[in-house]
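Chain by chain, the residues:
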Amino acid sequence: MFRVLLLQLPVPRLNYGVQTGNIPLGAACLKQAAGILPEVQVDILPESVASYLGDAAIMEILLDRKPDIVGFTVYCWNLARSLYFAEKLKLHGGPRIIFGGPEITPDNLTVVSKAVDFYVCGEGEAIFLKLLENPATWEKMSAMEPAGALFKKSPSPYLQNLLEPEIENLMLLETQRGCPYRCGYCYYNKSHEGLSFADETHLLQGVQWALDQGVKELYLLDPSLNAHPDLENLLRKISKVNKRRRLKIISEIRAEAIDEKLADLLAAAGFSWFEIGLQSTNPRALKIMNRPTRLAQFAQGAKRLKQRGIVPAIDLIVGLPGDDLQGFCRSVQFVAENDLADDIQVFPLSVLPGTDFRTNSKELGLRFDPSPPYALIENASFSADDMLLAFDHAEVRFDVVLYPMPDLDAAWKIHTAPGEAAPRDIAVKIGNQHYIAKLQLKSERPLSELAKVAKRLTQPYQIFIHPGLPGPDAIKSAISILSAANPFTPFEMVFLEPDPLPDTRSLLSAVGLQRPHFLDLDLRYLFSREGNRAVLFTLVSRDAEPRFNRDMERQIFWWKKDRFPGMSDLSHLSGLDGILIDVAGSQGEAEAWQDRFAGHAENIPPISFAEVRLQRRWLNLTMPDDYVSKALDWV
Ligand code: SF4
């Protein structure tokens, strides 16, 4: 039996257990296509493993499984980490490596590595079958081959239980491949020749399956749902299957295409949210990006959705060629005055490989970061300072935080067995193994022990530094060992009442992460200065005087008292970055406090609980859609 292992690595995050959207749909399509080959076994690295384990832990699993081929689905956020795994596997005399996914384009030199044996551009199924059936195919080293016919005749891989919808409580259903539009910043339209549409019967089976499984949301993957042929009839059929609108359906659409009739049909089918790219209202920018937009019709279409309770999530791009700060502010004004800011998304322009913007970047005057996500630094009419000002302006005008700090979770206590010395490392169970999510440094730990721990870390992980740990050298040794074994895994250091204050710049010098880390670049606008975004420092102190607030530093108050805080206590402490509630007492009392204050979470400082179970309960109460509740058990 010939064995293939497929994996897709997530967008790195600084909160453990937060949903990542890392659903390996591409891998599932490949596995489904290869089902016709009796001598081939295709496995997908489970989402819970790929998304929530650190580098060393994943590497151990890859080596342990000994596959003949490893296939990576590569996006801009996982390119460097995928290359790292590919190169390490080769060092171990490992398997053949295939790279596919949106990041693989003919002009993208950042993906080139001796460790990769084959690059697949665009759809994967047809070329994957050829690689498995005909060894000579490998000699080509890269290929692009349409798979529209296979796509059309295949039901959703969810129906064969190839994916785990319970992790995100979300199902992705492909309705279309290819796009009729030609936006200058997008590669998707070039990755597929022409358009292919999923078979309608398969689509409706997918909707029924989502309902039967109790999935909460169904994402119809279609770059522009309005381009779907005979959309009205399809919507009528979906509304018959989803007759009580139990299933929330979300997708992407061009707002100008939405008239009253289409809006009614979308509402009846169960749509609750649409991503709608406006990008800009500047006529010059719209022309250069080849995205003609009739603004009055756009606003009308989006409002028609709102009138039916469907959220139009409007996207704007900062730094488009032909746009400038004033032009961007006018785009913001357009969204605001049309009352369309319910779920606004503002992105810096990414000059993506394979796009017209990338090909013509010199002529367009685009200066961008050479590393993913290839964010624009400046263009002829948008200076680097203007980029920052644009985000500031959008935040003020829309009253939103576009680059929030990670959620607060400074929980470090778990029930300990009688006689057990607290605190102990806190683990989660993934599959049948325990992995450490919260590591405790109370006294110096032997380096050999830390080297073992480094192989069992989650992504991300936290290090709790307890009072009394001798000197910064012990901390530096620990983070050096842990991060060297996990060079792509972001982490947080939580200091419990340290004396003196930690010197975070000195600590960063011991961190062995590969720089720039994807987060360093992706979260560039979290602070005005460039630099570290992949290691977070949290100070927990009973001193309410703010004294720890440089980039990536935050300070929270240690509420270690015999009573829970009231509203006046919370407002008194609102100058800090949050409050860690550490009250000894009954669980019932703590839960009652949570039930009382959960509804006010947006108006009080960020809250964390010292006890892990209470912390998970608080997150579920206040951010029910953001965290994975199944598949990750705390132990
Ligand atoms: S941005 Fe959307 S509409 Fe434009 S080409 Fe890409 S997929 Fe098509």
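Throughout what follows, the structure given in this document is the object of discussion. Residue positions are counted from 1 within each chain, in the order its sequence is given. It should be noted that, the model being predicted, local features are given only for residues of pLDDT at least 70 and side-chain atom pairs only at 80 or more, the latter also being counted only at that level, while totals for whole chains, interfaces and linings use all residues. Note: side-chain values were computed over all heavy atoms of the structure, leaving out hydrogens and water.

The number of helices and strands found in the protein chain is 23 helices and 25 strands. Relative to the globule expectation of 26 Å for 635 residues, the C-alpha radius of gyration of the protein chain, 25 Å, shows essentially globular dimensions. Principal-axis analysis of the C-alpha atoms gives the protein chain an extent of 65 × 60 × 50 Å. Summary of the burial criterion: residues with accessible area below 20% of their type's maximum are buried, those above 50% are exposed, and those between are partly exposed, where the area comes from a 1.4 Å probe applied to protein chains only. The buried share of the protein chain, reckoned over its 635 residues, is 56%. Throughout, a residue-residue contact means that at least one pair of heavy atoms, one from each residue, lies within 4.5 Å. Nonlocal contacts in the protein chain, meaning residues at least 24 apart in sequence, comprise 70% of its contacts between residues at least 6 apart. Residue exposure ignores everything except the shown protein chains as possible cover, and the areas themselves are Shrake-Rupley values with a 1.4 Å probe. Carbon and sulfur atoms form 51% of the exposed surface of the protein chain, whose accessible area is close to 26800 Å². Asp and Glu are treated as the negative residues and Lys and Arg as the positive ones, with His and the ends of the chain left uncounted. Just so you know, the charge point we use is NZ for Lys, CZ for Arg, CG for Asp and CD for Glu. Across the protein chain, 68 positive and 80 negative side-chain charges occur, with their mean positions spaced 2 Å apart. Elements are defined by DSSP. Helices are runs of H or I of four residues or more, strands are runs of E of two residues or more, and each kind is numbered from the N terminus. Here the globule rule reads 2.2 Å times residues to the power 0.38, and the radius of gyration is calculated from C-alpha atoms.

Turning our attention to the site of the ligand. Being near a molecule or strand, for a residue, comes down to having at least one heavy atom within 4 Å of it. Close contacts around the ligand come from Cys179, Tyr181, Cys183, Tyr185, Cys186, Tyr188, Asn189, Pro223 and Arg291, and that covers them all. Residues were grouped as follows: Ala, Val, Leu, Ile, Met, Phe, Trp, Tyr, Cys and Pro as nonpolar; Asp, Glu, Lys and Arg as charged; and all remaining residues, including Gly, as polar. Tallied by class, the residues present in the shell around the ligand amount to seven nonpolar, one polar and one charged.

So, about the packing of aromatic side chains. Only Phe, Tyr and Trp rings take part, Trp by its six-membered ring, and two of them pair if their centres are within 6.5 Å. Stacked means planes under 30 degrees apart, edge-to-face means over 60, and tilted covers everything else. Under the defined criterion, the tally for this structure stands at 22 aromatic pairs. With centroids separated by 4.4 Å and ring planes inclined at 5°, the aromatic side chains of Tyr75 and Trp77 adopt a geometry described as stacked. Judged by relative accessible area, Tyr75 falls into the partly exposed class, the value being 22%. Judged by relative accessible area, which is 28%, Trp77 ranks as partly exposed. Through successive ring pairs, a cluster of aromatic residues spans Phe564, Trp593, Phe597, Phe609 and Trp618. Looking at Arg254, its charged tip hangs above the ring of Tyr181, at a distance of 4.4 Å from the centre. For a lysine, the NZ atom is tested; for an arginine, the CZ atom; a charge sits over a ring if that atom is within 6 Å of the ring centre and within 35 degrees of the ring normal.

Looking at helix H18 (residues 471–485), one finds that the buried residues are Ala474, Ile475, Ala478, Ile479, Leu482 and Ser483. Along the axis of H18, the buried positions cluster into a sector of 145°, meaning they face one direction only. Against the buried residues of H18 lie strand S18 (433–441), helix H17 (447–454), strand S19 (457–465), strand S20 (491–496) and helix H19 (504–508). Regarding the arc, it is the one traced by the directions from the helix axis to the C-beta atoms.

Any Lys or Arg side-chain nitrogen found within 4 Å of a carboxyl oxygen on Asp or Glu counts as a salt bridge. Evaluation of the coordinates by the stated rule reveals 35 salt bridges. Residue Glu123 pairs with Arg177 through a salt bridge whose shortest N-O separation is 2.9 Å. Note that Glu123 is positioned in the loop between strand S5 (118–121) and helix H5 (125–133) and Arg177 in strand S8 (residues 176–177), a separation of 54 residues in sequence. Here Glu123 matches Arg177 in class, with each residue buried. Taking the shortest distance from any N to any O, the salt bridge between Asp625 and Lys216 comes out at 2.6 Å. Of the two residues, Asp625 sits in the loop between helix H23 (612–622) and strand S25 (633–634) while Lys216 sits in the loop between helix H8 (200–213) and strand S10 (217–221), which places them 409 residues apart along the sequence. One continuous salt-bridge network, built from bridges that share partners, spans Glu123, Glu125, Glu174 and Arg177.

Attention shifts here to unusual backbone geometry. Of note, the bond from Gln459 into Pro460 is cis; its omega dihedral lies within 30 degrees of zero at -15°. One can find Pro460 in strand S19. The omega torsion of the bond from Asp499 to Pro500 falls at 5°, within 30 degrees of zero and hence cis. Among the secondary structure elements, Pro500 is positioned in the loop between S20 and H19. The backbone of Asp339 shows a phi angle near 60°, a positive value even though the residue is not glycine.

What follows covers the nonpolar core. Core analysis: the biggest nonpolar cluster contains 179 residues, and Phe72, Phe99, Leu266 and Phe271 have the highest contact counts within it. With residues near it in sequence (within four places) discarded, Phe72 still touches Leu7, Ser82, Phe85, Ala86, Leu89, Ile97, Ile98, Phe99 and Gly100. By nonpolar core we mean a set of buried residues, namely Ala, Val, Leu, Ile, Met, Phe, Trp, Tyr and Cys, connected to one another through side-chain atoms within 4.5 Å.

Attention now goes to the packing of H8 against helix H9 (residues 231–241). At their nearest, the axes of H8 and H9 sit 10 Å apart, and the two run at 30° to each other. Classed by the angle they form, the pair H8 and H9 counts as roughly parallel. Here the hand of the crossing between H8 and H9 comes out right-handed. Residue-level inspection shows Glu200, Leu203, Leu204, Val207, Gln208 and Leu211 of H8 in contact with H9, the latter providing Leu234, Lys237, Ile238 and Val241. The axes used here are C-alpha line fits, helices contributing only the stretch in contact, and every angle between their N-to-C directions lies in the interval 0 to 180 degrees. Relative orientations are named as follows: roughly parallel for angles under 35 degrees, roughly antiparallel for angles over 145 degrees, roughly perpendicular for angles from 65 to 115 degrees, and oblique for any other angle. Here a crossing is called left-handed whenever its near helix is offset anticlockwise from the far helix by less than a right angle, and right-handed whenever the offset is clockwise.

Our next topic: the packing of helix H3 (residues 55–65) against helix H4 (residues 79–91). Packing of H3 against H4 leaves a shortest axis separation of 11 Å and a crossing angle of 45°. Considering the angle they form, H3 stands oblique to H4. For H3 against H4, the interelement crossing comes out right-handed. Here Asp55, Ile58, Met59, Leu62 and Leu63 of H3 come into contact with H4, specifically with Arg81, Tyr84, Phe85, Lys88 and Leu89. Residues that form the contact of H3 with H4 fall into these classes: seven nonpolar, no polar and three charged.

Turning next to the sheet that holds strand S1 (residues 2–8). Note: strands within a sheet are paired through backbone hydrogen bonds, in either parallel or antiparallel orientation. If you walk across this open sheet you meet the six strands as S2-S1-S3-S4-S5-S6, and the pairing is parallel. Each having just a single partner strand, strand S2 (40–44) and strand S6 (142–144) make up the two edges of the open sheet. The mean angle between the axes of side-by-side strands here comes to 20°, regardless of whether they run parallel or antiparallel. Here strand S4 (residues 96–100) runs beside S5; their pairing, made up of two bridges, is parallel. Across the sheet, the residue bridging to Phe99 is Tyr119, located in S5. Across the face of the sheet, helix H1 (residues 25–33) comes into contact with S1, S2 and strand S3 (69–73) while running at roughly 165° to S2. A pair of strands is treated as paired once DSSP finds two or more bridges between them.

Looking now at the sheet that holds S18. A sheet is described by the order of its strands in space; here nine strands give the open sequence S24-S23-S22-S21-S20-S19-S18-S17-S25, paired in mixed fashion. Because the sheet does not close on itself, it has two edges, and the strands there are strand S24 (607–609) and S25. Taken together, the five bridges between strand S17 (residues 426–430) and S18 define a ladder with antiparallel strand orientation. Within S18, the residue paired with Ile430 across the bridge is Gln433.

Among the five residues that make up S17, four are buried, leaving the element largely enclosed by the rest of the structure. In this sheet, S25 lies alongside S17 in antiparallel orientation, the contact comprising two bridges. Paired with Lys429 across the strands is Asp633, a residue of S25.

Turning to the side chain of Ser483, a few remarks are in order. Within the element layout of this structure, Ser483 appears in helix H18. When its relative accessible area of 0% is taken as the criterion, Ser483 is described as buried. Under this definition, polar contacts are N or O atom pairs within 3.5 Å; protein pairs additionally need one hydrogen-donor-capable and one acceptor-capable atom, and for neighbouring residues in sequence, both atoms have to be side-chain atoms. Reaching out from Ser483, the side chain makes a polar contact with the backbone oxygen of Ile479 at a distance of 2.5 Å. Leaving out residues up to four positions away in the same chain, Ser483 has contacts with Tyr461, Phe491, Ala510, Val511, Gly512 and Leu513.

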